[in-house]
Amino acid sequence: ELNRAQKEANNNLPQKKLWASSSLLCCYNATISACRFGTAWQAGIVLLQELLDQGPKPDHVTFGASIHAIGGSENGPKGPWECALALLQA
């Protein structure tokens, strides 16, 4: 009985990891999006870099939120649109 329960738990492990990964990405996306409204676009880019370095893999929502965060700024290091273009090329 215990071995059966362990096998079932192990079989469900990949689904749980996938769920946790997508939930984490959703949190990152929401935080990056919030950086736009708080004019803290640099923090949003730092979060994007964390995702690129450590995962989970950013998706179209992540890049869209990052570009919008930069677009609301006029104080980017190269200018906001150059930063957004660099994201698209990443």
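Definitions and limits used
- Residues numbered from 1 in each chain as written.
- Predicted model: local features only at pLDDT ≥ 70, side-chain atom pairs only at ≥ 80, totals over all residues.
- Heavy atoms only, no water.
- Helix = DSSP H or I, 4+ residues; strand = E, 2+ residues; numbered from the N terminus.
- Buried < 20%, exposed > 50% of the residue type's maximum accessible area, 1.4 Å probe, protein only.
- pLDDT = per-residue confidence, 0-100.
- Expected span 1.5 Å × (residues − 1).
- Arc of directions from axis to C-beta.
- Axes fitted to C-alpha atoms, helices over the stretch in contact; angles between N-to-C directions.
- Parallel < 35°, antiparallel > 145°, perpendicular 65-115°, else oblique.
- Left-handed = near helix turned anticlockwise from the far one by under 90°.
- Contact = heavy atoms within 4.5 Å.

**A closer look at the overall build of the chain**
Secondary structure summary: the chain contains four helices and zero strands in total. By the burial criterion, 28% of the 90 residues in the chain qualify as buried.

**Focus: unusual backbone geometry**
A cis amide bond links glycine 55 with the next residue in sequence, proline 56, at an omega value of 0 degrees. Tracing the backbone shows proline 56 in the loop between helix 2 (41-54) and helix 3 (60-71).

**Regarding the confidence of the model for the chain**
In the predicted model, the chain carries a mean pLDDT of 74, and 59% of its residues have values of at least 70. Here helix 4 (residues 80-89) stands out as the element of the chain with the lowest mean pLDDT, 67, in contrast to helix 2, whose mean of 88 is the highest.

**Observations regarding helix 2**
Its 14 residues place the ends of helix 2 20 Å apart at the C-alpha level, agreeing with the 20 Å of an ideal helix rising 1.5 Å per residue. Buried within helix 2 we find Trp41, Gly44, Leu47, Leu48 and Leu51. For helix 2, the angular spread of the buried residues around the axis is 115 degrees, confining them to a single face. In helix 2, the exposed positions that point more than 90 degrees away from the buried face belong to Asp53 and Gln54.

**Some thoughts on helix 3**
The terminal C-alpha atoms of helix 3, which comprises twelve residues, lie 16 Å apart, in line with the 16 Å expected from a rise of 1.5 Å per residue. Here helix 3 has its buried residues at Thr62, Ala65, Ser66, Ile67, Ala69 and Ile70.

**Here's the deal with the packing of helix 2 against helix 3**
Helix 3 packs onto helix 2 with a crossing angle of 155 degrees between their chain directions and a minimal axis gap of 9 Å. Judged by the inter-axis angle, helix 2 sits roughly antiparallel to helix 3. With respect to the hand of their crossing, helix 2 and helix 3 are arranged in left-handed fashion. Here Trp41, Ile45, Leu48, Leu51 and Leu52 of helix 2 lie close against helix 3, whose contacting residues are Thr62, Phe63, Ser66, Ala69 and Ile70.

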